[in-house]
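A structural walkthrough
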Amino acid sequence: VFPASVVVFGPDDANITERMAARSEVLNDRARGHFSSERLAFLFKPGRYDVEAKIGYYTSVTGLGASPDEVVFTGERGIYVDAMDPQQAGSLDTFWRSGDNFRHEATAGFRWAVSQAAPLRRIHAAGDLELFDPTAQVNYASGGYLGNSIVEGSLILGSQQQWISRNADLRGLTSGGAWSNVYVGCTGPCAPSGGSITDQIREPRVSVVKETPVIAAKPYIVIDDVGRYALRVPNVAKDVVGAALDAPFREIPFERIFVADASRHNSKDINKALAGGLDVVLAPGIFELDSSIKMSRPGAVVMGLGYATLVAPASGEPCVIADDAGGMRLTSVVLQANEVPAGVD
């Protein structure tokens, strides 16, 4: 189903830590990885994984269970993100990575020291979730997103300059944060939709919206006991409070999914699939488009893995044109401009 830019692990696979490190060598190198053309997705079948894996640029880590608790990272650190430039910039250029649909039980807690374009969705942190790197000489961090998640320990923002948590069950204490902490539809002692208002919440740097007015959550991939993949698309929901991990969804079997590979497919192939009633998963890679991707079917889904990147056509057309057909989802895709040749309007 997937090209080589997608690596699928099972709980009985050997040397997962070493294999992840080898595949991430470039993307974990700040000088080479920051503007690399490499894209990468690690998918994990349900099970427990004793790993120590640093997540690099342009990389997504995704559990394939029906709930986050079906894929569990254990060990001392599990998967983690440290500051990429601990001596000078801290985490200020630690972006372009994501985590979805897993439980994190590492004994040292879960460190995700990032700055922007590095969301966490559908995660269950059994301990603390640390959003900066206190071990760095310079420990700055600047921005991120947590959605539809549970944090049983403390949410430690530290030096985070801005962070939004949306529909998170925050069961421990929240500390730190610099200028702009936002809580939308969250529960717990740090967010008054489901708990007490602390002194921290009264400060102007913290904004609270008790309910999420409307949310169309990101689709997620699952695998069953015989290895069949499916894409679950959560229904649009209104006035949501809490993680809502069991929200209703529609399921699309991969027989109705076109997996696009940047080394083989272009706009024509993707548009043909969409027009034919298929939904599209973009494998990690850079798609140099020769025309716009056109979404016109109600309910159509285009979802990227591993920071799949769409480069706009040189004609000056946009990457994607979506008609107002209703119910469509475009998610986890990087849209990149192109240089339009002289003389092209």
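Residues numbered from 1 in each chain as written. Predicted model: local features only at pLDDT ≥ 70, side-chain atom pairs only at ≥ 80, totals over all residues. Heavy atoms only, no water.

This brings us to the sheet that holds strand 22 (residues 279-282). Spatially, four strands are ordered 21-22-25-28 in an open sheet, and the strand pairing comes out parallel. Edge positions in the open sheet fall to strand 21 (257-260) and strand 28 (329-331), since each of these has one partner strand only. On average, each strand axis in the sheet is tilted by 15° relative to the strand beside it, whichever way the strands run. In the sheet, strand 21 pairs with strand 22 via four bridges, with the strands oriented parallel. Following the sheet pairing, Phe258 is matched in strand 22 by Val280. (Pairing = 2+ DSSP bridges. Helix = DSSP H or I, 4+ residues; strand = E, 2+ residues; numbered from the N terminus. Axes fitted to C-alpha atoms, helices over the stretch in contact; angles between N-to-C directions.)

Listed as buried for helix 4 (residues 267-275) are Ser267, Ile270, Asn271, Ala273 and Leu274. Angular distribution of buried residues about the axis of helix 4 spans 160°; they occupy a single face of the element. Residues of helix 4 that are exposed and point over 90 degrees away from its buried face: Lys268, Lys272 and Ala275. Directly after helix 4, the chain includes Gly277, whose backbone phi takes a positive value near 95°. (Buried < 20%, exposed > 50% of the residue type's maximum accessible area, 1.4 Å probe, protein only. Arc of directions from axis to C-beta.)

Right, let's get into the packing of aromatic side chains. Counting across every chain of the model gives 15 aromatic pairs. Between the aromatic rings of Phe44 and Phe73, the centroid separation amounts to 4.9 Å while the plane-to-plane angle is 90°, which identifies the pairing as edge-to-face. A residue pair is termed long-range when its members are at least 10 positions apart, and Phe44 in strand 2 (residues 40-44) and Phe73 in strand 5 (residues 71-80) qualify at 29 residues. Note on Phe44: relative accessible area 0%, which makes it buried. Through a chain of ring-to-ring contacts, the aromatic side chains of Phe9, Phe42, Phe44, Tyr49, Phe73, Phe102, Phe110 and Trp112 assemble into a single cluster. The residue whose ring lies beneath Arg39 is Tyr58, and the NZ or CZ to ring-centre distance is 3.8 Å. The ring of Tyr220 carries Arg122 above its face, with NZ or CZ at 3.9 Å from the centroid. (Phe/Tyr/Trp six-rings, centres within 6.5 Å; stacked < 30°, edge-to-face > 60°. Lys NZ or Arg CZ within 6 Å of the ring centre and 35° of its normal.)

So, about the environment of Pro68. Residue placement: Pro68 occurs in the loop between strand 4 (59-63) and strand 5. Apart from residues lying up to four places away in sequence, Pro68 is in contact with Asn101, Phe102, Arg103, Arg122, His124 and Leu245. (Contact = heavy atoms within 4.5 Å.)

Take the environment of Gln336 next. Within the element layout of this structure, Gln336 appears in strand 29 (residues 334-336). Judged by its relative accessible area of 38%, Gln336 falls in the partly exposed class. The spacing of Gln336 and Pro318 is 18 residues in sequence and 9.4 Å in space, taken between C-alpha atoms. Setting aside its immediate chain neighbours within four residues, Gln336 contacts Thr309, Leu310, Val311, Ala312 and Cys319.

Before going further, it helps to examine the sheet that holds strand 26 (residues 309-311). With respect to topology, three strands assemble into an open sheet ordered 23-26-29, the strand pairing being parallel. Looking at which strands have only one partner, the edges of the open sheet turn out to be strand 23 (286-288) and strand 29. Recorded for the sheet is a direction-independent mean angle of 20° between the axes of neighbouring strands.

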